[in-house]
Amino acid sequence: MRRTILVALLLSGCATVAPQSQFPQQAAALQQSCAQQFQPQLPDAHQRFAACYNSGIAPLRAQSGYPYPDLAALEDNYRMLVAQQRDAGAINDAQVGVYMAELRTRIASEEQARMGQAALVEQQERQADAASWAAISQGLALMNQANQPPPRQGFTCTQMGNTTNCW
């Protein structure tokens, strides 16, 4: 049962990082390392486990390029809060699982919203760039037109010996 809480406490970070990275495997190795140090007889055993995991997961997130440090901090703080409540006996292992699942859902939802906003901003930036380039092109065309010498209206030439004069 104690292993269940350990897994629930840490899996919230695994689903939030790009799947092509080594993050899931590294997080699992970190979980095993912290689990080996877990001593259920200590009064703050779950907090120690959460602290171990939180301290190890931060550099893994940075290496994987996780773009939302505020969500990572929220996750770490929440994991520690849940561990404190578990150590105090205020919640049981099943509640820990529910709380962490709810957190994973909220974080995933926020990540999707942010990615959607980022895509919208990127599209707006592309449209603004296109409009800007169109305006620059139009301005250059007008400038080129203004700098052209005026067209010559009919002219005449006269030749005297080897010299030709036109006006």
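It should be emphasised that the depicted structure is a prediction, and the values quoted were computed from it without experimental measurement.

Peer 1: Help me understand the overall build of the chain in this model?
Peer 2: In terms of helices and strands, the chain carries five helices and two strands. In sequence order, the secondary structure elements of the chain are arranged as α-α-α-α-α-β-β. A separation of at least 24 residues holds for 64% of the contacts in the chain among residues at least 6 apart in sequence.

Peer 1: Sorry if this is basic, but what is going on with the packing of aromatic side chains here?
Peer 2: Two descriptors summarise a pair of aromatic rings, namely the distance from one centre to the other and the angle between the planes of the rings. Within the structure shown, the criterion is met by two aromatic pairs. Plain terms: the ring middles of phenylalanine 38 and phenylalanine 49 are 6.2 Å apart, the flat faces sit at 90° to each other, and that makes the pair edge-to-face. Of the two residues, phenylalanine 38 sits in the loop between α2 (23–37) and α3 (45–64) while phenylalanine 49 sits in helix α3, which places them eleven residues apart along the sequence. In this pair, the class of phenylalanine 38 matches that of phenylalanine 49, namely buried. A ring pair is formed by tyrosine 66 and tyrosine 68, whose centres lie 5.8 Å apart and whose planes are at 85°; its orientation type is edge-to-face. A relative accessible area of 11% places tyrosine 66 in the buried class. The class for tyrosine 68 is buried, based on a relative accessible area of 14%.

Peer 1: Could you clarify how one ought to interpret helix α4 (residues 69–87) in this entry?
Peer 2: An α-helical turn contains 3.6 residues, so any two residues separated by three or four positions project in the same direction. The end-to-end C-alpha distance of α4, which contains 19 residues, comes to 27 Å, matching closely the 27 Å that a straight helix rising 1.5 Å per residue would cover. Turning to α4, its buried residues number three or more, namely Leu71, Ala72, Glu75, Asp76, Arg79, Val82, Ala83 and Arg86. Projection of α4 onto a plane perpendicular to its axis shows the buried side chains occupying an angular sector of 140°, all on one side. Facing away from the buried side of α4, by more than 90 degrees, are the exposed residues Pro69 and Asn77. Positive backbone phi, approximately 80°, marks glycine 89, located one or two places after α4.

Peer 1: How should I be thinking about the state of the cysteines in this particular structure?
Peer 2: Here is the idea: a disulfide is a covalent bond, and it sits between the sulfur atoms of two cysteines. On inspection of all chains with the given rule, the structure shows one disulfide. Bridging cysteine 34 to cysteine 52, the disulfide has an S-S length of 2.1 Å. Taking the sign of the S-S torsion, -85° for the link of cysteine 34 and cysteine 52, the bridge is left-handed. In this pair, cysteine 34 is assigned in helix α2 and cysteine 52 in helix α3, connecting sequence segments 18 residues apart. Both residues of the pair, cysteine 34 and cysteine 52, belong to the buried class.

Peer 1: So what exactly am I meant to see when it comes to helix α5 (residues 93–146) here?
Peer 2: Helix length check: α5 (54 residues) gives 79 Å between terminal C-alpha atoms against 80 Å at 1.5 Å per residue, within 8%. When α5 is considered as a whole, its buried residues turn out to be Asp93, Val96, Met100, Leu103, Ile107 and Glu111. Between the side-chain oxygen at the start of α5 and the backbone nitrogen of alanine 94 there is a gap of 3.1 Å, and the oxygen is on asparagine 92.

Peer 1: How do you make sense of the nonpolar core when you look at a structure like this?
Peer 2: Generally speaking, soluble globular proteins have nonpolar side chains that are buried together. Counting twelve residues, the largest nonpolar core is built from Phe23, Ala27, Leu30, Cys34, Ala35, Phe38, Ala45, Phe49, Cys52, Tyr53, Ile57 and Leu60. Among the secondary structure elements, those contributing two or more residues to this core are α2 and α3. The next biggest cluster of nonpolar side chains, apart from the first, holds ten residues, and it includes Tyr66, Tyr68, Val96 and Met100.

The rules we used
Each residue is numbered by its place in its chain's sequence as written, counting from 1. Confidence filtering applies because this is a predicted model: local features only for residues at pLDDT of at least 70, side-chain atom pairs given and counted only at 80 or more, and all residues used for totals across whole chains, interfaces and linings. Values reported for side chains reflect all heavy atoms of the structure, with hydrogen atoms and water molecules removed beforehand. The way it works is that DSSP assigns letters per residue, a run of H or I at least four long becomes a helix, a run of E at least two long becomes a strand, and they are numbered from the N terminus. Two residues qualify as a contact provided that any one of their heavy atoms is within 4.5 Å of a heavy atom in the partner residue. Aromatic pairs are defined between Phe, Tyr and Trp rings, using the six-membered ring for Trp, whenever the two ring centres lie within 6.5 Å; interplanar angles under 30 degrees are classed as stacked, those over 60 as edge-to-face, and all others as tilted. Burial classes: relative accessible area under 20% of the type maximum marks a residue as buried, over 50% as exposed, and values in between as partly exposed (1.4 Å probe, protein chains only). A helix is expected to reach a length of 1.5 Å times the quantity of its residues less one. Comment: arc refers to directions from the helix axis out to C-beta atoms. Any cysteine sulfur atom paired with another within 2.5 Å is treated as part of a disulfide. Definition of a polar contact: a pair of N or O atoms within 3.5 Å, with one able to donate and the other able to accept a hydrogen when the atoms are protein atoms, and with sequence-neighbouring residues admitted only if both atoms are side-chain atoms. Side-chain atoms within 4.5 Å are what join buried Ala, Val, Leu, Ile, Met, Phe, Trp, Tyr and Cys residues into a set we call a nonpolar core.

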